[in-house]
Amino acid sequence: MNRVLAMDRVMSAYNAALAAAWALLFRDLWPLWPALVALHAALAALPLLLRRIPERLPTPIAAIRIGYPILSLFPLWSELGWMHRLHLAPGHDAAIARIDHVVFGTHWNAAWRVMMPETWLNETMHGLYLAYYPILVTPALLAALLRRGEAFRDISFRLMLTYTACFAVYVFFPVYGPRQTGGPAGVPGGLFEPLMNRIFAAGDSPGTAFPSSHVAGAMTSAWLALRWLPRPVGVTLLLGAVGVAFATVYTGNHYAIDALGGILWAGILQSAVAPLFLPR
């Protein structure tokens, strides 16, 4: 195992971006911003620190060494919410809403559920929205259980790349989305919608609507499953990821352009950006 991995370089770049964000946007929060700038600058030096780690590690420690990006996603996500609550930027919702209307002719996040309010569809869509979480963890979990080290390393790196790239957009281009600005259409009910609302209440981060990391992460995870895991698993996760994309719109959590942006962003990152971090 190389001492410095592609995921380490991605983490370094993202922490450098966060250090710049705290320094540029929060200069009035003394002494908070210098401490956070120093913290993220230190984390940006991660590749230099990891060069000192021995190349051969016991299996459990090696798994943590490779998989730490996945473990870091939740605190990084929570920091975004903290940043936007401390500095309530006006957001770019008006521009995104205009683009959504131009591309799709209407705001499907508001119209679709009103046009098709059937209970079975409502339950299905909210269930698909929640299916994002098992879709996200399945490739890495199966790769670890199957002891496929190369697959686990690639999955960890590419998921981290997708999410940190989305997070970097949210830092400098916050979009609050229809749920934050107007709320989803329809009347809450059923089994899955209250569960979804409880998850939001427990840990939602404002300003993270465009591009949809829900869709970008699900599509990346499905693509990785098709690449590394048995085909039936990959096809199943791909169908689930497509369902997640539609569900983000039906449930009123995202504009349709957010979902489309998530798909395109994931494709660009995996095809054009990921090779820049990988050894030739």
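Before going into details, it helps to say that this report is about the structure given with it. Fair warning: this is a prediction, and the values are worked out from it, not measured in the lab. (Residues numbered from 1 in each chain as written. Predicted model: local features only at pLDDT ≥ 70, side-chain atom pairs only at ≥ 80, totals over all residues. Heavy atoms only, no water.)

1. With respect to the overall build of the protein
Each helix and strand in the protein was counted, giving 14 helices and zero strands. The burial tally for the protein puts 49% of its 280 residues in the buried class. Sequence separation of 24 or more characterises 85% of the internal contacts of the protein that already satisfy a separation of 6 or more. For the protein, the exposed surface amounts to about 13600 Å²; the carbon and sulfur share of it is 70%. (Helix = DSSP H or I, 4+ residues; strand = E, 2+ residues; numbered from the N terminus. Buried < 20%, exposed > 50% of the residue type's maximum accessible area, 1.4 Å probe, protein only. Contact = heavy atoms within 4.5 Å. Areas by Shrake-Rupley, 256 points an atom, 1.4 Å probe, with all protein chains shown as cover.)

2. Description of the pattern of salt bridges
Taken as a whole, this structure holds two salt bridges when the rule is applied. As a salt-bridge pair, Asp154 and Arg158 come within 3.0 Å of each other at their nearest N and O atoms. Taken together, the residues Asp154 and Arg158, both in helix H9 (residues 149-172) and four residues apart, mark about one turn of the helix. With a closest N to O distance of 3.0 Å, Asp154 and Arg227 form a salt bridge. (Salt bridge = Lys/Arg side-chain N within 4 Å of Asp/Glu carboxyl O.)

3. Observations concerning the layout of surface pockets
Over the atoms, a rolled probe matching the size of one water molecule traces out where space is still vacant. Taken as a whole, the largest pocket spans an internal volume of roughly 650 Å³. Lining the largest pocket are 30 residues, and of these Trp77, Tyr132, Tyr133, Ser213 and His214 sit closest to its centre. Listing elements by their share of the lining of the largest pocket, those giving two or more residues are helix H4 (59-86), helix H8 (132-145), H9, helix H10 (177-181), helix H11 (192-203) and helix H12 (213-228). The element best represented in the lining of the largest pocket is H4, accounting for five residues. (1 Å grid on protein atoms, 1.4 Å probe; cavity = no way out; pocket = protein on both sides within 12 Å on 5 of 7 lines; lining within 4 Å. Points joined across faces, edges and corners; volume = space filled by probe spheres on them.)

4. Some remarks on a nonpolar patch on the surface
On the surface, Ile99, Val102, Val103, Phe104, Trp108, Met115, Met116, Leu260, Leu264 and Ile268 cluster together into a nonpolar patch covering about 890 Å² of accessible area. Mapped by element, the contributors of at least two residues to the nonpolar patch are helix H5 (93-104), helix H6 (108-115) and helix H14 (256-277). By the element assignment, Ile99 lies in helix H5. Using a relative accessible area of 43% as the deciding quantity, one classes Ile99 as partly exposed. (Patch = residues over 30% accessible without salt bridge, like charges linked within 9 Å, V, L, I, M, F, W, Y side chains within 5 Å.)

5. Quick notes on the nonpolar core
Most often, soluble globular proteins have nonpolar side chains that are buried together. Within the largest apolar cluster, 68 residues are counted, with the highest numbers of intra-cluster contacts made by Leu80, Met83, Ile155, Phe157, Tyr163 and Phe167. Ranked by residues supplied to this core, first place goes to H9 with 13 residues. The contact partners of Ile155, leaving out residues within four places of it in the chain, are Pro139, Ala140, Ala143, Leu224 and Trp228. Core analysis: the next-biggest nonpolar cluster, separate from the first, contains six residues, Ile96, Ala97, Val175 and Ala209 among them. (Core = buried A, V, L, I, M, F, W, Y, C linked by side-chain atoms within 4.5 Å.)

6. Description of unusual backbone geometry
In this model, Phe210 is joined to Pro211 through a cis peptide bond whose omega is -10°. Within the secondary structure, Pro211 sits in the loop between H11 and H12. The phi dihedral of Arg147 falls on the positive side, at around 55°, and the residue is not glycine.

7. What to know about the packing of H8 against H9
Two numbers describe how H8 lies on H9: the axes approach to 7 Å, and their chain directions differ by 150°. Classed by the angle they form, the pair H8 and H9 counts as roughly antiparallel. In this structure, H8 crosses over H9, and the sense of that crossing is left-handed. Within the contact between the two elements, H8 uses Tyr132, Leu136, Pro139, Ala140, Ala143 and Ala144 and H9 uses Ala151, Phe152, Ile155, Leu159 and Tyr163. (Axes fitted to C-alpha atoms, helices over the stretch in contact; angles between N-to-C directions. Parallel < 35°, antiparallel > 145°, perpendicular 65-115°, else oblique. Left-handed = near helix turned anticlockwise from the far one by under 90°.)

8. Focus: the environment of Val273
One can find Val273 in helix H14. When its relative accessible area of 23% is taken as the criterion, Val273 is described as partly exposed. Sequence separation between Val273 and Thr162 is 111 residues, and the spatial gap between their C-alpha atoms is 9.8 Å. Once residues within four sequence positions are removed from consideration, Val273 is found in contact with Leu161 and Ile268.

9. Some words on the side chain of Thr162
Along the polypeptide, Thr162 turns up in helix H9. Thr162 has contacts with Ala216, Gly217, Thr220, Leu269 and Gln270, leaving out every residue within four places of it along the chain.

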